[in-house]
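One letter stands for each residue in the lines below.
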Amino acid sequence: MAKKPRIIDGKKVANRMRAEMIGEVAALAKRKITPGLAVILVGDNPASQVYVRMKGKACAEVGVNSFEHRLPKTCTERRLLNLIAKLNADKRVHGILVQLPLPKQINEQKVLNAVDPDKDVDGFHPVNVGKMLNGEDAFVPCTPHGCQELLLRYGYDPAGKHVVIVGRSNIVGKPLAAMLMQKAAGANATVTICHSRTKNLPSITKQADILIAAIGVPEFVKARMVKEGAVVIDVGVNRIEDKSKKSGYRLVGDVDFNGVSKKVKAITPVPGGVGPMTITMLLKNTIEAAKRKK
Ligand code: GUN
């Protein structure tokens with residue numbers, strides 16, 4: 001199939017959704033509520049700095065208040081937990097996001113567990129993880145939610161389809177599998193998770209009607225690993241050296257886009273695929289958290 005694939009344009013969908021959110025924020029303003037998101041960044045990880053900046057910009061775009069808290073990379077766990085306790089009690093703050101990864105002296109799970117589940121717009125608190133797995137109403141993690149929304153908005157309902165996810169992280173692979181296997185609209189998929197210890201991985205990825213790459217290895221998924229006519233969602237964001245760029249690097253996904261796109265029905269680009277959707281779902285969760293407040 002040498003035809004050009006359909007490009008699943010996350011930027012376009014994200015812009016449309018954000019335009020809708022401006023109306024929702026205006027409706028909340030009539031009730032004297034401005035949704036507020038607190039973002040905590042510990043340390044100076046360059047990728048995290050970019051994400052945090054993009055989140056602040058996106059909040060401003062739709063009228064969500066953004067409260068940024070930067071802590072040094074030597075920050076103690078106690079100091080971070082104290083800040084979270086303060087934000088849990090702060091009425092202007094409806095959502096709290098602790099940018100990951102955290103420096104190694106800090107226990108990540110302990111920190112995530114300290115966020116009030118009602119303000120956990122990342123959907124990482126065990127209460128929300130458990131509720132989501134049980135099919136109860138909960139905040140769901142933004143990147144998996146963004147992947148699902150993209151599939152649905154482009155007419156690729158996962159119901160009855162074999163979805164193969166490459167990667168088993170708590171941020172993407174695991175929650176995405178839990179979401180897509182639910183007995184619920186927009187889900188009902190048959191889900192397989194592959195990871196670094198999977199034997200004969202290409203024989204499994206080749207069975208996918210919908211293949212989702214979230215393994216964090218640049219251009220890991222090659223054309224020979226993909227079924228003809230599959231739909232491919234690339235969650236990866238990897239910097240690789242490129243001397244022709246002013247910055248000295250360029251972004252690639254976990255999928256070899258040029259090779260794979262010759263074979264598939266539809267594919268997300270990197271950048272401009274899942275990335276813009278992640279931030280959009282974060283805004284959506286923050287607005288939802290504000291709506292829930294009396
Ligand atoms: N680091 C990479 N992805 C994410 C995310 O979705 N949320 C947070 N908090 N940190 C991340």
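Values in this document were obtained by computation on a predicted structure and should not be read as measured data.

Calculation notes
Residues numbered from 1 in each chain as written. Predicted model: local features only at pLDDT ≥ 70, side-chain atom pairs only at ≥ 80, totals over all residues. Heavy atoms only, no water. Helix = DSSP H or I, 4+ residues; strand = E, 2+ residues; numbered from the N terminus. Rg over C-alpha atoms; globule rule 2.2 N^0.38 Å. Buried < 20%, exposed > 50% of the residue type's maximum accessible area, 1.4 Å probe, protein only. Contact = heavy atoms within 4.5 Å. Areas by Shrake-Rupley, 256 points an atom, 1.4 Å probe, with all protein chains shown as cover. Lys, Arg positive; Asp, Glu negative; His and termini not counted. Charge placed at Lys NZ, Arg CZ, Asp CG, Glu CD. 1 Å grid on protein atoms, 1.4 Å probe; cavity = no way out; pocket = protein on both sides within 12 Å on 5 of 7 lines; lining within 4 Å. Points joined across faces, edges and corners; volume = space filled by probe spheres on them. Nonpolar A, V, L, I, M, F, W, Y, C, P; charged D, E, K, R; others polar. Core = buried A, V, L, I, M, F, W, Y, C linked by side-chain atoms within 4.5 Å. Expected span 1.5 Å × (residues − 1). Arc of directions from axis to C-beta. Salt bridge = Lys/Arg side-chain N within 4 Å of Asp/Glu carboxyl O.

Undergrad: Would you mind showing me how to read the overall build of the protein here?
TA: Within the protein, the regular secondary structure consists of ten helices and eleven strands. For 294 residues, the compact-globule estimate of 2.2 N^0.38 gives 19 Å, and the C-alpha radius of gyration of the protein, at 19 Å, lies within 12% of that figure. Each of the three principal axes of the protein carries a C-alpha extent, and together these read 55 × 40 × 35 Å. Sorting the 294 residues of the protein into buried and exposed places 50% on the buried side. For the protein, contacts bridging at least 24 residues in sequence account for 71% of all contacts bridging at least 6. Of the roughly 14,300 Å² of accessible surface on the protein, a fraction of 53% belongs to carbon and sulfur atoms. For the protein, the distance from the average site of its 48 positive side-chain charges to the average site of its 26 negative ones is 1 Å.

Undergrad: How do you make sense of the layout of surface pockets when you look at a structure like this?
TA: Remark: the empty space left among the atoms is shown by a probe the size of a water molecule rolled over them. Of the pockets and cavities examined, the largest pocket occupies roughly 1,600 Å³. Lining the largest pocket are 50 residues, and of these Tyr51, Val235, Val237, Gly275 and Thr278 sit closest to its centre. When residues of the lining of the largest pocket are traced back to their parent elements, those giving at least two are helix 1 (10-30), helix 2 (46-62), strand 4 (95-98), helix 6 (142-153), strand 9 (238-241), strand 10 (249-252) and helix 10 (274-292). With nine residues, helix 2 is the single largest residue contributor to the lining of the largest pocket. Taken together, the residues of the lining of the largest pocket break down into 28 nonpolar, 13 polar and nine charged. Estimated volume of the second largest pocket: approximately 440 Å³.

Undergrad: Looking at this structure, how should I read the nonpolar core?
TA: Across soluble globular proteins, you tend to see nonpolar side chains buried next to one another. Membership of the largest hydrophobic core comes to 48 residues, with the highest contact counts inside it found for Ile8, Leu37, Ile212, Ile233 and Val235. A total of nine residues in this core trace back to one element, the largest contributor, which is helix 10. Setting aside residues no more than four positions away along its own chain, valine 235 makes contact with Thr143, Cys147, Val172, Ile212, Ala213, Ala214 and Val274. Counting residues in each nonpolar core, the second largest holds 21 residues, with Val42, Cys75, Val98 and Val111 among its members.

Undergrad: Teacher, can you tell me more about helix 3 (residues 77-89) here?
TA: The terminal C-alpha atoms of helix 3, which comprises 13 residues, lie 19 Å apart, in line with the 18 Å expected from a rise of 1.5 Å per residue. Where helix 3 is concerned, the buried positions are Glu77, Leu80, Leu81, Leu83, Ile84 and Leu87. Viewed along the axis of helix 3, the buried residues span an arc of 160 degrees, placing them on a single side of the element. Opposite the packed face of helix 3, turned more than 90 degrees from it, sit the exposed residues Arg78, Lys86 and Ala89. Buried residues along helix 3 sit against strand 2 (36-42), strand 3 (65-71), strand 4 and helix 4 (108-114).

Undergrad: Just checking my understanding: could you explain the pattern of salt bridges for this structure?
TA: Side chains that differ in sign of charge can pair as their charged atoms come close. Counted according to the given criterion, the structure contains twelve salt bridges. One salt bridge connects lysine 243 with glutamate 241, and the closest N-O pair in it is separated by 2.6 Å. Neither residue differs from the other here; lysine 243 and glutamate 241 are each classed as exposed. Across the salt bridge formed by aspartate 242 and arginine 250, the nearest N and O atoms sit 3.0 Å from each other. With relative accessibility at 14%, the residue aspartate 242 sits in the buried group. Look at the salt bridges and you will find they share partners, linking Asp137, Glu288 and Arg292 into a network.

These figures come from the coordinates and say nothing about function on their own.
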